[in-house]
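# Coordinate analysis (summary)
If you want the building blocks of each chain, they are given just below.
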Amino acid sequence: MNTVICGLQWGDEGKGKIVDYLTETADIVVRGQGGNNAGHTVIANGQKYVLHLIPSGILWGNKTNIIGNGVVMDVVGLCEEIKEIEDQGVSVTPDNLLISDRAHVVMPYHKELDAAREAALGDKKIGTTKRGIGPTYADKANRCGLRLADFFDEAKLLEKIELRLVDANEVLAKYDLPTFTAKDVFDEVITAFKRLKPHVTNTIPTLHGAWKSGKTILFEGAQGSYLDVDFGTYPFVTSSNTTSGGTSTGSGLAPHAIQRVVGVCKAYTTRVGAGPFPTENDEIGEFFHARGMEFGATTGRPRRCGWLDMVLIRFACMVNGVTDLAVTILDGLDERDVIKVCIAYDIDGERHEFPPADRDAWDRITPIYEEHPGWLTDTTKARSWDDLPENAQKYLTRLAELAGAPVTYIGNGPEREQTIIR
Ligand code: GDP
Ligand code: IMO
Ligand code: MG
């Protein structure tokens with residue numbers, strides 16, 4: 001059975017931990033979209049690992065990990081990431097990490113263009129991770145991007161960079177920013193590419209071979225459904241399809257190869273960066289930050305926090321085709337005496353069960369809440385459903401009912417072992 005793991009909120013739902021947990025019974029772990037804007041934290045064997053581009057399956061040693069064609073590849077960033085986890089004792093070889101030769105490369109000018117655009121937007125900025133994600137996907141769609149396959153012929157690569165810089169430099173100059181020479185750009189990326197070259201291949205036949213021979217494949221989503229460029233809170237989104245549909249185009253494996261979609265959501269809601277957040281609540285944010293929780297894994301920014309929003313989860317379950325829910329950080333609510341859940345939106349006096357498409361309507365949402373009594377019990381030692389306090393069971397049961405999907409996994413702490421299966 002092949003499974004997609006995707007986030008149902010604004011990212012950071014705890015996908016990395018769930019992927020790591022499910023990897024035990026998988027053979028291959030694939031990333032199909034996003035780039036090193038992602039930050040997936042896994043705590044295993046008493047160590048903390050933060051992965052940005054490398055699939056979380058790398059921590060199991062004996063699994064194949066694939067960075068698919070839909071990922072935007074920061075070659076310099078990936079080299080640093082490999083070095084970091086190698087220093088932590090994880091081995092990364094061309095046997096356990098394959099990179100698609102069709103993946104687009106994040107170039108130095110993409111990062112500058114990302115930052116420049118954000119600065120120009122002023123108080124309307126998106127709050128991007130400044131990893132060059134938007135400009136790289138824009139070049140892909142605009143047919144002027146560079147793929148890893150372009151890196152094998154160095155003379156031609158230099159020409160391609162020169163051609164692309166004609167436009168990129170014009171934009172940078174418009175923002176009064178330093179421009180690039182093709183040689184500087186080339187020098188910056190080529191060393192990194194040479195380090196990665198043994199990993200770069202046509203990953204699609206490998207993936208198909210694995211599927212046909214009955215291997216188990218996990219797809220590790222990055223970001224969350226409300227950062228999806230089609231279904232998210234546009235324009236406050238990332239530039240890829242983060243929902244399950246992106247899996248096929250991002251990897252080259254057809255939709256009917258996938259049987260299961262695990263939707264990951266926190267027991268509350270968080271968001272990093274700008275954009276609408278109807279259930280945002282500063283008091284909850286202060287509560288988590290005081291406990292050292294909810295700081296971004298990539299940029300270190302404090303995450304905005306709020307109550308669980310079932311309008312978002314309901315629609316995300318629909319769009320992703322969620323077959324199983326994984327509810328994470330249940331333990332985060334252990335000390336709360338009253339827990340609120342948003343079940344619908346009031347917009348201009350009308351009740352809405354689904355999020356609006358109109359960006360201006362988001363500013364006029366009043367969440368409709370129901371209140372649940374807390375459990376005021378430490379859940380972190382629970383190892384089964386029966387170990388959970390009754391009020392926590394009721395909360396999860398209600399969540400499943402509102403989502404229209406069963407809660408199959410429950411996270412009650414950051415460690416591998418703190419995962420309950422129902
Ligand atoms: P991802 O981007 O979806 O992989 O999530 P992140 O790793 O960015 O953020 C999730 C954070 O929550 C990380 O620090 C995890 O270690 C932590 N985490 C995941 N699941 C649980 C859980 O069930 N309980 C607690 N307390 N922390 C968790
Ligand atoms: P993981 O995989 C949370 C957010 C940024 C910003 C918006 C656009 O760890 O869940 P971008 O750099 O992609 O152009 O930024 O998307 N964002 C994330 N927020 N988790 C992530 O990834 C994110 N990746 C991007 O903060 O609001
Ligand atoms: Mg994250």
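About the cut-offs
Residues numbered from 1 in each chain as written. Chains lettered and ligands numbered in written order. Predicted model: local features only at pLDDT ≥ 70, side-chain atom pairs only at ≥ 80, totals over all residues. Heavy atoms only, no water. Buried < 20%, exposed > 50% of the residue type's maximum accessible area, 1.4 Å probe, protein only. Helix = DSSP H or I, 4+ residues; strand = E, 2+ residues; numbered from the N terminus. Axes fitted to C-alpha atoms, helices over the stretch in contact; angles between N-to-C directions. Parallel < 35°, antiparallel > 145°, perpendicular 65-115°, else oblique. Left-handed = near helix turned anticlockwise from the far one by under 90°. Contact = heavy atoms within 4.5 Å. Nonpolar A, V, L, I, M, F, W, Y, C, P; charged D, E, K, R; others polar. Domains from an automatic or database assignment. Buried area = accessible area lost by both parts, 1.4 Å probe. Near = heavy atom within 4 Å. Polar contact = N/O pair within 3.5 Å; in protein donor to acceptor, adjacent residues only side chain to side chain. Areas by Shrake-Rupley, 256 points an atom, 1.4 Å probe, with all protein chains shown as cover.

## Here we look at helix H1 (residues 15–23)
- H1 sits mainly inside the fold: eight of its nine residues count as buried.
- Among the residues of H1, Lys-15, Gly-16, Lys-17, Ile-18, Val-19, Asp-20, Leu-22 and Thr-23 are the ones counted as buried.

## Some points on the packing of helix H3 (residues 108–121) against helix H5 (residues 154–174)
- At a minimum axis separation of 10 Å, H3 and H5 run at an interaxial angle of 25°. Relative to H5, the element H3 is oriented roughly parallel. The handedness of the crossing between H3 and H5 comes out as left-handed. In contact with Tyr-109, Glu-112 and Leu-113 of H3, H5 contributes Arg-164, Leu-165, Ala-168, Val-171 and Leu-172.
- Along the lines of polarity and charge, the residues of the contact of H3 with H5 split into six nonpolar, no polar and two charged.

## Topic: the domain arrangement of the protein
- When the domains of the protein are assigned, the result is domain 1 (3–99 + 201–261), domain 2 (104–195) and domain 3 (263–421).
- In this structure, domain 1 and domain 2 have C-alpha centres spaced 23 Å apart.
- With 23 residues of domain 1 in contact, the opposing surface of domain 2 contributes 19 residues.
- Overall, the association of domain 1 and domain 2 removes approximately 1600 Å² of surface from exposure, summing both partners, and the carbon and sulfur fraction of that is 64%.

## Looking at the site of ligand 2
- With respect to spatial proximity, 20 residues lie near ligand 2, and among them Asp-12, Lys-15, His-40, Thr-129 and Thr-238 are the closest.
- At 2.7 Å from an oxygen atom of ligand 2 is found a side-chain nitrogen or oxygen belonging to Lys-15.
- The contact in question runs from an oxygen atom of ligand 2 to an N or O atom on the backbone of Gly-127, over 3.4 Å.
- Protein chains shield 98% of the accessible area of ligand 2, which is 550 Å² for the free molecule.
- Residues of the shell around ligand 2, tallied by class, amount to seven nonpolar, ten polar and three charged.

## Focus on the site of ligand 1
- With respect to spatial proximity, 17 residues lie near ligand 1, and among them Lys-15, Gly-16, Gly-39, Thr-41 and Asp-331 are the closest.
- In this structure, an oxygen atom belonging to ligand 1 sits 2.8 Å away from a main-chain N or O atom of Gly-14.
- Thr-41 has a polar backbone atom sitting 2.8 Å from an oxygen atom of ligand 1.
- Starting from 580 Å² of accessible surface for ligand 1 in isolation, the protein chains cover 90%.
- Only H1 and strand S3 (40–44) provide two or more residues apiece to the shell around ligand 1.
- Top contributing element to the shell around ligand 1 by residue count: H1, with three residues.
- Residue composition of the shell around ligand 1, grouped by class: three nonpolar, eight polar and six charged.

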